Amino acid sequence: MTGGSRGLDLVAVVLVVLATVGIGTYGLRLARTTSDFLVASRSVTPLWNASAIGGEYLSAASFLGVAGLVLAYGADALWYPVGFVAGYLVLLLLVAAPLRRSGAYTVPDFAELRLGSRSVRRLASLLVVGIGWLYLVPQLQGAGLALRATTGAPVWAGAVVVAVVVTVNVAGGGMRSATFVQAFQYWLKLTAITVPAVVLLVAWHGDGRPDLAAAAPPVFPDRTTVQLDETVRVLVEQPVDVVLDGRATVLDRGPHRLERGSTAVFPAGARVPHVEGLAATSGDAWARPLSGAGGAEHPLYATYALVLATFLGTMGLPHVLVRFYANPDGAAARRTTLGVLALLGAFYLVPTVYGALGRLYAPEVLVTGRTDAVVLALPTAVLGGGPLSAALEALLVAGAFAAFLSTSSGLLVSTAGVLVQDVLGGSVADFRRATLLAVAVPLGLALPAVDLPVAQTVGLAFAVAASTFCPLLVLGIWWRGLTAAGAAAGLVVGGTASTCATVVTLVGAEGDGWTAALLAQPAAWTVPLAFAVMVGASVATRSRVPADVGRTMLRLHAPEPLVLSPPG
Amino acid sequence: MTEPVPRRVVVTGPRSPTVRRPPGRQGLQALDEQTAVGELLVRSLVRAQLGLALRTAGVVALVLGGLPLLFALVPTTRDTRVLGLALPWLVLAVLVYPALVLTGWVHVRLAERYEREFVELVDT
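Keep in mind that this is a model prediction, so the values were computed, not measured. (Residues numbered from 1 in each chain as written. Chains lettered and ligands numbered in written order. Predicted model: local features only at pLDDT ≥ 70, side-chain atom pairs only at ≥ 80, totals over all residues. Heavy atoms only, no water.)

Trainee: Please set out the pattern of salt bridges residue by residue, giving values where relevant.
Mentor: All told, the structure shown has ten salt bridges over all chains when counted by the stated rule. Notably, a salt bridge pairs A:Arg121 with A:Glu112, separated by 2.5 Å at the nearest N-O pair. The closest approach of N and O atoms between B:Asp79 and A:Arg288, which form a salt bridge, is 3.0 Å. Placement of B:Asp79 in the loop between helix H2 (36–73) and strand S1 (81–82) and of A:Arg288 in the loop between helix H10 (283–287) and helix H11 (299–313) is noted, with the two residues assigned to different chains. In this structure A:Arg288 comes out as partly exposed when scored by relative accessible area, which is 26%. The structure contains a network of salt bridges with shared partners spanning A:Asp109, A:Glu112, A:Arg118 and A:Arg121. (Salt bridge = Lys/Arg side-chain N within 4 Å of Asp/Glu carboxyl O. Helix = DSSP H or I, 4+ residues; strand = E, 2+ residues; numbered from the N terminus. Buried < 20%, exposed > 50% of the residue type's maximum accessible area, 1.4 Å probe, protein only.)

Trainee: How would you sum up unusual backbone geometry? Please name residues and give values.
Mentor: Residues and elements named next belong to chain A. One non-glycine residue with positive phi stands out, namely Asp245, at about 50 degrees. Even without being a glycine, Leu290 presents a positive backbone phi close to 60 degrees. Checked against the element boundaries, Leu290 lands in the loop between H10 and H11. By relative accessible area, which is 12% here, Leu290 ends up buried.

Trainee: Quick rundown of the sheet that holds strand S6 (residues 263–266) of chain A? Include the residues and the values.
Mentor: Residue and element names in this part refer to chain A. Strands sit in the order S1-S6-S3-S4 across an open sheet of four strands; the sheet is antiparallel. Bordering the open sheet on either side are strand S1 (224–227) and strand S4 (247–251), each of which pairs with just one other strand. Sheet twist, expressed as the average angle between the axes of neighbouring strands with direction ignored, equals 30 degrees. Sheet topology places strand S3 (residues 240–244) next to S4; five bridges connect them, and they run antiparallel. Within S4, the position partnered with Asp241 by the bridge is Val250. (Pairing = 2+ DSSP bridges. Axes fitted to C-alpha atoms, helices over the stretch in contact; angles between N-to-C directions.)

Trainee: Explain the packing of helix H4 (residues 60–73) of chain A against helix H16 (residues 374–383) of chain A to me, and be specific about the residues and the numbers.
Mentor: All names here are of chain A. Relative orientation of the contacting elements H4 and H16 amounts to 75 degrees, with a least axis distance of 8 Å. Taken together, the axes of H4 and H16 are roughly perpendicular relative to one another. Contacts between H4 and H16 involve Phe63, Leu64, Ala67, Gly68 and Leu71 from the first element and Val374, Val375 and Leu376 from the second. The class makeup of the residues in the contact of H4 with H16 is seven nonpolar, one polar and no charged. (Parallel < 35°, antiparallel > 145°, perpendicular 65-115°, else oblique. Contact = heavy atoms within 4.5 Å. Nonpolar A, V, L, I, M, F, W, Y, C, P; charged D, E, K, R; others polar.)

Trainee: With reference to specific residues and values, describe the sheet that holds strand S7 (residues 274–275) of chain A.
Mentor: All names here are of chain A. One open sheet holds the three strands; their spatial order is S5-S2-S7, and the pairing between them is antiparallel. Looking at strand neighbours, the two that pair on one side only are strand S5 (254–258) and S7, the edges of this open sheet. With two bridges joining them, strand S2 (residues 232–236) and S7 adopt antiparallel strand pairing. Counterpart to Leu235 in the pairing with S7 is His274.

Trainee: Tell me about the packing of helix H5 (residues 79–94) of chain A against H2(B), and please be specific about residues and values.
Mentor: Contact pair H5(A) / H2(B): the axes reach a minimum separation of 10 Å and the direction vectors enclose 165 degrees. On the basis of their axis angle, the class for H5(A) and H2(B) is roughly antiparallel. Crossing angle aside, the handedness with which H5(A) passes H2(B) is left-handed. Within the contact between the two elements, H5(A) uses A:Trp79, A:Val82, A:Leu89, A:Leu93 and A:Leu94 and H2(B) uses B:Ala53, B:Thr56, B:Ala57, B:Val60, B:Leu64, B:Leu67 and B:Pro68. (Left-handed = near helix turned anticlockwise from the far one by under 90°.)

And the structure:
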């Protein structure tokens, strides 16, 4: 983030954008009909499709956020990446093949096909659009923050750049171009995060392998300048001599307010002040699970709730499901999912390295609380500037932008797909209009720079998905007794409960103690609640089980080699 | 919705090279016409696949879901060091990923075997 590397960072962003648009245009020549646009004519091979799913899934939360969470919360944050991957195993076990065999394009399609109900379909459409928008907002905001951190551009610029590129690409080529783009983005992201990690580890080794979990809370390794892009309240644990806006002063123990636009210079070896709400943690506590590192309350409950949300929420993310219809058959859908497991597993080995090294070399992110910045800050912090660190930082910026672009475009395809099917007509022109509508709303929400923490908004999307689409899909696929009324009741109760809980958390009204823990990680009670309501209401209305449920079950589970006549 | 969603054909021509001959008429007809036999066939397939999925999920839930409980109940496991790494980090940051892929691989093999058996059953 020195002046010299800014130009290089900008070049990296431009290159990623050009490559994305270029591959999108190549795909455009092949896209001809609405069916092409929506599911790439189902002709995508498992490796392409798995790469594409991986590329689409690895968002800003994975590329930047996981390292930040590990840095702040230590061992307990390791469950985030584990859950992000394990969600695909659950998807493989319970959903992948039957969903593909159902022949539906989207979750609302599945709901209508399985339950024969237009109202459940509309309810599901509403949820797809809601979850899609919820997930798009942090992507756009993350892009804005990353562009500002690396090139100094205003926050809105990054959000607008990502929104425009993605809209042009998706509206222009639909899912086929998105498939090529996404597959390319996976490999770009894997390279962009792995190469710098290896160099950083070598440098750490050469540095005499300092203890990653030292007994004391983090200290500044060198004299460190912290630029404050927004006003923060920090907690100082030990009096510290700082140069604040060029004036030497002492920050005493206790809370302090650091104004937006000010610059603080901390001496080497000083304890790092923490932004309020993020407790200082000794290395022992940080490295140990269930220690409540970073100030997390009720860590055992929070761990289980997080596991439930991520394991069960993945299958309910709209941009994840839409891709399964691009497989030629159920068996290919399974193999694709297995491929995704391997690709994601390889990727998620790496962010932890940044989190652990970041605590040692770039602890200043704890002052601003923007721990997401650690990945981009590390090359300079470890290697101390120079062409190598500038090149690595540019590579990371490229990877981060690939993450914003790919996840946003995946979300856009699925949100627009539902809008075009359920709100507008079914033609290619309508798909383009739907795309505009699908991007305009989240951009409008992201631009006023509402301060929604990336990880928490993404967590809300997972919790809502786990509390709505997970019971709908699992019960719909495996249980004959599901009725339209039962599904609707479960979707309404699960969706309302999980949304309310996290909205309360996001506006900061969650209180403390158990209330806060239950509201901040609602999945542990909203998922069982949604399942219970769906089963209970279905049993109560069991006379209305669809008459053709046997035929639907055959359609969902019969292997393709059996040649069957069309249903109905 | 201005247009009805077009009805789609469910399952199409034999794609898998494992199918050497077209399926026999009787089993297929039973499936297609929703006879008692066909119903029974489908129910048994769904039960077998669900059983497999739940068994695999059970193993994962027991092993992965048991970890936080293990850390909570046996605090020494939080600090145990293996190969120079703290046990929780070795498991959660490294070993868990190949284990998940391996579990998925075993599941895919078994699920495909159940499907082959179903095809052979119908095919008689």
